[in-house]
Amino acid sequence: MWIFPFLPDQASTTARQVDALYFFELGVAGFFTVLICTLIVAFAVRYRRGSNVDRSRPPLKGKWSELVWIGVPLILALMMFTWSAALFFNNHEPPGNALDVSVVAKQWMWHLQHSEGRSEINELHVPLGSPVKLSMTSQDVIHSFYVPAFRVKQDVLPGRYTTLWFEPTRVGRYHLYCAEYCGTNHSTMGGWVSVMEPADFQRWLSQGGAGPSMAEQGERLFVQHHCAGCHRGSQTVRAPRLEGVFGHPVPIQEGRDIRFVTADGTYIRDSILRPKAQVAAGYEPVMPSFQDQISEQDLLKIIAYIKSIGAEGAAP
Ligand code: CUA
């Protein structure tokens, strides 16, 4: 058991790092609180009215004391800044080998889907010791994905993708919360993250109607919504091929200039819903919008499909 019972369990690599920084800052704040309070009380007693102490020749200058009270707080503040910035960037960039899980939040539930295909509601199963990356979006208002035991929290916004990653270090079940007030039943919008032994997780993943992977489901939608008619095979007159596009820069015509945007999930989502906003250079803006025709869950599947063909060819 964790020695401080007022803190949640420490169940991820991030939790250890965040707690180390937290206790360092708590220690610094505690040290100065005690130091300053002690000095206030000591001086109040020593120099109280009527006490018999030497009050002549008070010092007017003190180079060393000035240097210390400027230098020490400066060094401490810079230490906290570099430490927390390093932690922030580390927690911002998921490792390349992370497992992909898609998250769609809606009033008032969490819908989670593993890239292997299995989906769950208000429950997330993850293997011990592997980094897990969540790609998250909301179907309605702003929510926030919060697992205190992992010390991770990230807002989930409508109309764009945010990511979050963690690496569980202890088997167990940990509370998942929505940490952004999102309407009447906000307080009930929660669930559990179950950390399992890797072998148990593989067994769990393969049982219970796992079905096709997200990318396979996405390919089916790709054909069903007639994307394949223009974006696949030799049909490159009206629209660019999508093999090898994911994660690479795409040239966008802007007046006479060419601008490059990275074809990530957000760009693909925008291209499906608002295709005239950022048209690939060399093509006419002929694609119709699929706004309100494809659900957030299906958009994530189509993106998973385009990502899966991303590695097959070089950038166009
Ligand atoms: Cu969703 Cu609060």
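Residues numbered from 1 in each chain as written. Predicted model: local features only at pLDDT ≥ 70, side-chain atom pairs only at ≥ 80, totals over all residues. Heavy atoms only, no water.

**Observations concerning the pairing of strand β7 (residues 152–156)**
Applicable threshold: Strand pairing is defined by DSSP finding a minimum of two bridges between the two strands. Secondary structure follows DSSP: runs of H or I at least 4 residues long count as helices, runs of E at least 2 residues long count as strands, and numbering of each begins at the N terminus.
Direction of pairing for strand β6 (residues 143–147) relative to β7: antiparallel, over a ladder of five bridges. When the bridges of β7 are listed, Tyr146 appears paired with Lys153. From the end of β6 to the start of β7, which pair antiparallel, there are four residues, and Arg151 there has a positive phi angle of about 55°.

**What to know about the packing of aromatic side chains**
Given two aromatic rings, one states the distance between the centres and the angle between the planes to describe the pair. Here is the rule: Side-chain rings of Phe, Tyr and Trp (the six-membered ring for Trp) are treated as a pair once their centres are within 6.5 Å; stacked means planes under 30 degrees apart, edge-to-face means over 60, and tilted covers the remaining angles. Note on classification: 1.4 Å probe, protein chains only; a residue is buried when its accessible area is under 20% of the maximum for its type, exposed when over 50%, partly exposed between these limits. Charges are assigned to positions over rings by a cutoff of 6 Å between ring centre and Lys NZ or Arg CZ, combined with an angular limit of 35 degrees from the ring normal.
In total, this model carries 10 aromatic pairs according to the counting rule given. Ring centres of Tyr22 and Phe23 lie 5.4 Å apart, and the angle between their planes is 70°; this geometry places the pair in the edge-to-face category. Since its relative accessible area comes to 38%, Tyr22 is described here as partly exposed. Among the residues examined, Phe23 registers a relative accessible area of 23% and is labelled partly exposed. The interplanar angle of 80° and the centroid separation of 5.1 Å between the aromatic rings of Phe31 and Phe32 together place this pair among those described as edge-to-face. Members of the aromatic cluster, connected to one another through ring pairs, are Phe150, Phe166 and Tyr174. Directly above the aromatic system of Trp204 lies the positively charged group of Arg118, at a separation of 4.2 Å from the ring centroid. Directly above the aromatic system of Tyr161 lies the positively charged group of Arg269, at a separation of 5.9 Å from the ring centroid.

**With respect to the sheet that holds strand β10 (residues 190–196)**
As a reminder of what qualifies: Helix axes are fitted only over the stretch in contact, all axes being lines through C-alpha atoms; the angle between N-to-C directions runs from 0 to 180 degrees. Two residues qualify as a contact provided that any one of their heavy atoms is within 4.5 Å of a heavy atom in the partner residue.
The five strands are arranged β4-β10-β9-β6-β7 in an open sheet whose pairing can be described as mixed. Either end of the sheet is taken by a strand with one partner, and the two such strands are β4 (123–127) and β7. Within this sheet the neighbouring strands show an average axis-to-axis angle of 20°, counted without direction. Running over the sheet, helix α3 (residues 198–206) touches β4 and β10 and is turned about 130° from β4.

**Side note on the environment of Phe166**
Position of Phe166 relative to the elements: it lies in strand β8 (residues 162–166). Relative accessible area serves as the criterion here: at 0%, Phe166 is assigned to the buried category. As a C-alpha pair, Phe166 and His114 span 52 residues in sequence and 15 Å in three-dimensional space. Once residues lying within four places of it in the same chain are set aside, the contact partners of Phe166 are Leu124, Val126, Ser130, Pro131, Val132, Leu134, Phe150 and Val152.

**Overview of the nonpolar core**
Quick reminder of the rule: We call a set of buried Ala, Val, Leu, Ile, Met, Phe, Trp, Tyr and Cys residues a nonpolar core when their side-chain atoms join them within 4.5 Å.
Core analysis: the largest hydrophobic core is formed by 29 residues, its most contacted members being Phe222, Val250, Tyr267, Ile268, Ile272, Ile302 and Ile306. Contributing elements (two or more residues each) for this core: α4 (214–224), β11 (249–254), α6 (265–273) and α7 (296–308). A per-element tally of this core places α7 first, with seven residues. Of all hydrophobic cores here, the second largest spans 26 residues; its members include Ala105, Phe150, Val156 and Met189.

**Here's the deal with the domain arrangement of the protein**
To keep things clear, this is the line we draw: Segmentation into domains, and thus their bounds, comes from an automatic or database assignment. We define buried area as the total accessible area lost by two parts upon association, computed with a 1.4 Å probe and summed across both. Salt bridges are identified by distance alone: a Lys or Arg side-chain nitrogen within 4 Å of an Asp or Glu carboxyl oxygen.
Annotation of the protein at the domain level lists domain 1 (7–39 + 64–211) and domain 2 (214–308). The straight-line distance from the C-alpha centre of domain 1 to that of domain 2 is 31 Å. At the junction of the two partners, domain 1 supplies 17 residues and domain 2 supplies 12 residues. Here domain 1 packs against domain 2, burying approximately 1,200 Å² in sum over the two surfaces, 53% of which is carbon and sulfur. For the interface between domain 1 and domain 2, the tally reads one salt bridge.

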